[in-house]
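Report on the structure
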Amino acid sequence: MCHDHAQHQTDTFARQMAELVWAYLEWSEISAGVIPSAPLHPHTAIMIEALELYCAFVKTTSDLQGVQYCPYLAHLFSIALDIYFQICLTVNDLVLKALHCDTTDWCLMNACPACTYTFKDEPDLKFKMLFAMDSNGLLKHISREAISSYEYTVNGLGEWLIGDDHYLTQSFINQFGVGCSDESLTEPMTDNDNLCAGRWKNMKGDVTLRMWGIFDEASIVMAICRHGFSLVIIDIVQSNEQAKYLLAIVLKLLDVFGINLMGGYDIGCKIGTTLSCTLNYTSLVPAFHGYVHRCLCQLCFLARYVDGMGLEDLEGCEHVFSKTNGLASSVYYVSTFHHCQANAGYIVHNDEHDVYQNLTTMILSNYKQALSIIEEGRNTLLHIMNDLGIMDVSVFRVWLAEENEYLAAHSHEPEEETLQMEYWLKLVNLDTSYDLAWTLATPSSATMALFIQKDISATMHTETMHHHAMENFEKDLKIVQDLEIKLSIMRCWVPEDEEWKIAGCLVTNCKYQHCLNQLKSLLSKMNQAGTGYKLCKHIAKALKMHSTAICTAPDWFNTADHAFVEYTFLANFDLLCNAAHEDISQCPWASPAAHAAMDQYFRVCHVEEEIKHLNVKICHFITYLHDEDHYMRACITELQVGYPPLAYQVQLYHNVQAKFTNHHLCLVTEIAHLPGFTGTTLPANQ
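Thresholds, definitions, all that
- Numbering of residues starts from 1 in each chain and follows the order in which that chain's sequence is written.
- The predicted nature of this model means local features are confined to residues of pLDDT at least 70 and side-chain atom pairs, given and counted, to a pLDDT of 80 or more, with totals for whole chains, interfaces and linings taken over all residues.
- Water and hydrogen atoms were dropped before computing side-chain values, which therefore reflect all heavy atoms in the structure.
- Angles shown run from 0 to 180 degrees and are taken between the N-to-C directions of axes, each axis being a line fitted to C-alpha atoms and, for helices, limited to the stretch in contact.
- Numbering goes from the N terminus for both helices and strands, where a helix is a DSSP run of H or I of at least four residues and a strand is a run of E of at least two.
- If an angle is under 35 degrees, it is roughly parallel; if it is over 145, roughly antiparallel; if it lies from 65 to 115, roughly perpendicular; otherwise it is oblique.
- Crossing handedness is read from the near helix: turned anticlockwise from the far helix by less than a right angle, it gives a left-handed crossing, and turned clockwise, a right-handed one.
- In what follows, residue pairs with any heavy atoms lying within 4.5 Å of each other are defined as contacts.
- Polarity classes work like this: nonpolar for Ala, Val, Leu, Ile, Met, Phe, Trp, Tyr, Cys and Pro, charged for Asp, Glu, Lys and Arg, and polar for all others, with Gly in that last group.
- Salt-bridge detection follows one rule: a side-chain nitrogen of Lys or Arg within 4 Å of a carboxyl oxygen of Asp or Glu.
- Note on classification: 1.4 Å probe, protein chains only; a residue is buried when its accessible area is under 20% of the maximum for its type, exposed when over 50%, partly exposed between these limits.
- What a helix should span is 1.5 Å times the count of its residues minus one.

1. Regarding the packing of helix H27 (residues 592-642) against helix H28 (residues 644-658)
Packing of H27 against H28 leaves a shortest axis separation of 7 Å and a crossing angle of 165 degrees. Classed by the angle they form, the pair H27 and H28 counts as roughly antiparallel. Here H27 runs over H28; the crossing is left-handed. Residues Tyr624, Glu628, Asp629, Met632, Ile636, Leu639, Gln640 and Gly642 of H27 form the contact with H28, whose participating residues are Pro644, Leu646, Ala647, Val650, Gln651, Tyr653, His654 and Gln657. Residues of the contact of H27 with H28, tallied by class, amount to nine nonpolar, five polar and two charged.

What follows is the structure, given as structure tokens:
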């Protein structure tokens with residue numbers, strides 16, 4: 001009965017929506033008006049002024065009006081608020097249609113004035129757009145069906161009430177799940193395909209498929225441009241962070257913006273491996289998360305070594321999530337519709353006000369940072385090159401290629417060596433099981449005494465142990481024989497053989513490498529520069545919980561390698577792990593000084609790219625401000641003749657961003673007066 005009533009109410013409001021929108025347009029200029037809380041015979045209405053002041057809670061409103069508060073008033077307020085939001089969204093659609101901005105994906109194609117507003121004959125950039133992707137697990141939504149018998153299935157108005165094209169539909173997302181038409185996008189990846197697979201839970205398909213049944217939406221995934229404007233939002237429904245959600249975002253952006261896009265994601269190495277063969281798309285890992293990846297992965301996917309990145313760190317999603325986390329407590333128990341409404345509403349408001357207002361502030365800060373780095377960076381690089389005797393900067397790229405080639409060649413243990421180490425270990429096990437079986441089979445004085453005393457239970461216990469020892473010996477013997485067939489060994493190795501000694505050294509080196517990897521995983525983020533205070537405290541708390549492991553890891557390290565080498569840089573542990581195969585200590589790129597020189601060289605290159613990026617983005621934004629103002633004024637003048645109420649709404653729409661124009665122009669002028677500014681603050685010809 002409750003479901004039928006709610007469905008009837010929704011359908012009735014949907015039929016009345018056109019009249020409600022018309023009334024809103026006609027009366028919005030002269031009167032605030034009210035919104036009914038029921039479609040037929042309403043006895044309670046909410047003033048639009050109160051709805052616009054969403055923080056004016058129902059209890060406070062009742063107190064101000066001197067009436068008794070009743071619980072049903074909160075429900076009526078929620079209904080009126082939903083209807084008001086729908087009226088505003090419908091009016092917004094009419095405004096966009098009047099401005100000829102109602103084409104498919106128009107909002108996405110014009111999300112960021114600095115990224116998407118291009119002009120003719122602009123300087124070529126390697127990447128058309130830089131964006132970051134990440135998920136926020138705090139914005140969960142608890143399923144009502146999971147905690148009660150309540151079933152919320154009201155259709156109709158709720159399906160299109162969100163009215164925001166930031167959200168991708170589940171039907172679109174499911175195209176890229178298991179069994180989609182393009183098998184290359186969903187083909188499972190093994191650990192051999194990606195060396196970082198063991199370090200990330202969201203690279204494991206069996207983990208991402210599962211989620212607690214109490215949650216309907218487990219989290220949201222967002223993509224934002226480098227300036228902080230949201231591009232796409234996805235709800236992760238009844239699963240974990242599966243690859244299909246990331247693929248849906250990437251392919252949507254490629255469909256809208258075309259090729260030459262660059263996206264950053266925590267496991268961008270996996271996404272890049274999946275898409276590199278089929279699409280012209282570059283996937284990288286963010287600066288902070290990237291240091292957990294293996295050294296070879298960092299050389300290929302860390303922004304530090306990729307041309308065209310500037311100083312972008314690809315960690316912008318964390319800034320957005322620090323704001324949206326405030327929604328978490330208010331969206332846990334609401335309906336699915338209100339969960340999406342709250343997320344989309346807040347993100348759109350954040351884009352229109354906070355992000356847009358801070359756009360020129362961000363550009364000014366980045367320009368100052370680039371100018372302060374470039375001179376000092378060039379001088380530092382020259383000093384390092386003189387100390388190392390380097391005459392040409394091209395040697396740094398040669399070193400990077402050599403290091404990449406070396407790590408790629410040693411990314412996996414040779415199969416022959418792996419089998420030899422396994423054979424050596426099984427021989428050790430076989431020797432141990434043989435000794436145990438022989439010991440139990442040889443009568444001792446204590447055993448004879450038990451036999452003489454006719455202690456049947458003790459004798460049976462001894463016989464059982466001997467039987468088990470013989471079974472273990474036969475199993476170990478069978479494994480050794482199988483390995484001898486694989487390795488084509490004619491005679492079993494003994495400790496005096498040279499092969500035994502070599503295999504023993506390989507096993508010792510393997511344990512040594514395992515200790516190095518454990519040390520690196522425990523300490524890689526402990527003292528990373530740029531880590532915020534709260535995050536440092538969080539990491540310190542986590543490290544304190546594992547303090548025992550941190551204390552014992554160096555002991556394992558020293559035990560595995562009695563001759564401790566002076567090679568203690570965490571970033572180079574992957575090189576040290578492979579040192580058993582060949583001596584790389586004399587390679588010019590293997591020294592800490594060479595790595596510092598390479599990092600400084602690429603930093604200077606990226607600063608120069610950043611200045612080029614900023615010059616282009618400033619011109620984009622100035623041109624946008626100029627063209628947008630002229631176009632809006634022309635449209636408003638035209639509409640004032642034909643339909644004044646709609647002209648008024650277009651003026652309100654324009655004022656959302658126009659109120660920041662003077663602020664932007666002042667900061668652009670400040671940028672133009674920076675010493676070292678090489679761009680222009682004049683609008684381009686369109």
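2. Here's the deal with the pattern of salt bridges
Counted under the stated rule, the structure contains 11 salt bridges. Here Arg226 ties to Glu610 by a salt bridge, and the two come within 3.1 Å at their closest N and O atoms. Of the two residues, Arg226 is situated in the loop between strand S5 (215-225) and strand S6 (230-237) and Glu610 in helix H27; the sequence distance between them amounts to 384 residues. Across the pair, Glu610 and Arg226 agree in class, each one buried. Each of Arg226, Glu312 and Glu610 takes part in one network of salt bridges that share partners.

3. Structural notes on the environment of Ala590
Among the structural elements, Ala590 can be located in the loop between helix H26 (573-577) and H27. Residue classification places Ala590 among the buried positions, given a relative accessible area of 1%. Sequence separation of Ala590 and Trp399 is 191 residues, and the distance between their C-alpha atoms is 8.8 Å.

4. Looking at H28
Over its 15 residues, H28 extends 20 Å from the first C-alpha to the last, a length consistent with the 21 Å expected when each residue adds 1.5 Å. All buried positions along H28 are accounted for by Pro645, Leu646, Ala647, Gln649, Val650 and His654.

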